[in-house]
Amino acid sequence: MRKILFPTDFSETANNAFLYALSLAESQDAIVYILHVYELPVINGGLSAGLIQNVYDSVKLGQFENFKDNIPQLRKIAEDNGLGHINMKFILEEGNFLYIMRETIMEENIDFVVMGTTGNTGLEKLIFGSNTINAITSLKVPILSIPNHLKFKGIKNLGFTTVFGEKDKDALYYLCEVAMRHSAHIKCLHVSKDGKYNEKALAAWKEEFKDEPIEFVVEQNPEPAEQVLKFIEQHDIDVLTVVSRNKGFFDKLFSPGFTKKIASKNKVPLFVFHEK
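Residues numbered from 1 in each chain as written. Predicted model: local features only at pLDDT ≥ 70, side-chain atom pairs only at ≥ 80, totals over all residues. Heavy atoms only, no water.

## Details of the packing of aromatic side chains
Inference 1: This structure, assessed with the given rule, holds nine aromatic pairs.
Inference 2: When the ring of Phe112 is compared with that of Phe271, the centres are 5.6 Å apart and the planes differ by 65°; the resulting orientation is edge-to-face. Within this pair, whereas Phe112 is found in strand E4 (residues 112-116), its partner Phe271 is found in strand E10 (residues 270-274), the two being separated by 159 residues in sequence.
Inference 3: For Phe271, a relative accessible area of 4% puts it in the buried group.
Inference 4: When the ring of Trp205 is compared with that of Phe209, the centres are 5.8 Å apart and the planes differ by 45°; the resulting orientation is tilted.
Inference 5: Relative accessible area serves as the criterion here: at 2%, Trp205 is assigned to the buried category.
Inference 6: A relative accessible area of 2% means that Phe209 is categorised as buried.
Inference 7: Through a chain of ring-to-ring contacts, the aromatic side chains of Phe112, Tyr174, Phe271 and Phe273 assemble into a single cluster. (Phe/Tyr/Trp six-rings, centres within 6.5 Å; stacked < 30°, edge-to-face > 60°. Helix = DSSP H or I, 4+ residues; strand = E, 2+ residues; numbered from the N terminus. Buried < 20%, exposed > 50% of the residue type's maximum accessible area, 1.4 Å probe, protein only.)

Take a look at the structure:
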């Protein structure tokens, strides 16, 4: 059974992303691990150890009550959208958000993460802020990030950007499974800055994936990020998938501000796979 990690701050943005997590769980017979992380306040000197402990105990109790009160709300969202049957596990942890994420992924053997890109606790900084590459590298699992206010409308067209590298195939095979379960199509895009590309590689990919619902598209544009944005509009893409590379991936394949452009224009969810 696949395992999906869904971190939440119980904001509207997070609740919206929750529907993506549940829908993907349904299509893949997966369990959703719903994680809420909080940090204890930093208390400067001048207070007794007993008083400081009382403050910490009060914060922990308040966080527990808040967590407990929000569980029925999430279950109602699931029920209202016909997804109440999805297996869910609720986790409350204290500590650094990214550290807790990494620990939970390892301990629970998580397959991928679904999260909103804005929220009250700054979740957007993990995906579309200055820590984008560090977060993707640190978590080591695919991340599906959902732009704020983007409502789930089903998955019919999956976009996939590629350089026709062997390491891209794992992500594409994964998408084929998602496409099959959603009766969706995959639009596979390669952007060439100068019009040159590996024609033999493209022919080999077409042969290898000939039985899959995949359309291959090759476009020329000196600004790959701009072409990707056009691609999303022209092909009515519901989810855009990219494979991150550790060394200069965003500089080589996209302009440095690519993910920020996707976020600011509220285009589509971005599914980021970590290159194995």
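## Structural notes on helix H7 (residues 199-208)
Inference 1: Listed in full, the buried residues belonging to H7 are Ala201, Leu202 and Trp205. The arc enclosing the buried residues of H7, seen along the axis, measures out at 100°, which places them on a common side. Exposed residues lying more than 90 degrees from the buried face of H7 are Glu199 and Lys200.
Inference 2: Each element contacted by the buried residues of H7 is listed here: strand E6 (157-161), helix H6 (169-182), strand E7 (185-192) and strand E8 (214-220).
Inference 3: The distance from a side-chain oxygen at the start of H7 to the backbone nitrogen of Lys200 is 3.2 Å, and the residue carrying that oxygen is Asn198. (Arc of directions from axis to C-beta. Contact = heavy atoms within 4.5 Å. Polar contact = N/O pair within 3.5 Å; in protein donor to acceptor, adjacent residues only side chain to side chain.)

## Considerations on the sheet that holds E7
In sheet architecture, strand pairing relies on hydrogen bonds along the backbone and comes in two forms, parallel and antiparallel.
Inference 1: A sheet is described by the order of its strands in space; here 10 strands give the open sequence E3-E2-E1-E4-E5-E10-E9-E6-E7-E8, paired in mixed fashion. The open sheet terminates on both sides in strands that have one partner only, identified here as strand E3 (88-94) and E8. Strand-to-strand, the axes of this sheet are offset by a mean angle of 25°, without reference to chain direction.
Inference 2: Packed onto the sheet, H6 meets E4, E6, E7, E8, strand E9 (239-244) and E10 and runs at close to 180° relative to E6. (Pairing = 2+ DSSP bridges. Axes fitted to C-alpha atoms, helices over the stretch in contact; angles between N-to-C directions.)

Scope: geometric values only; no functional claims are made or implied.
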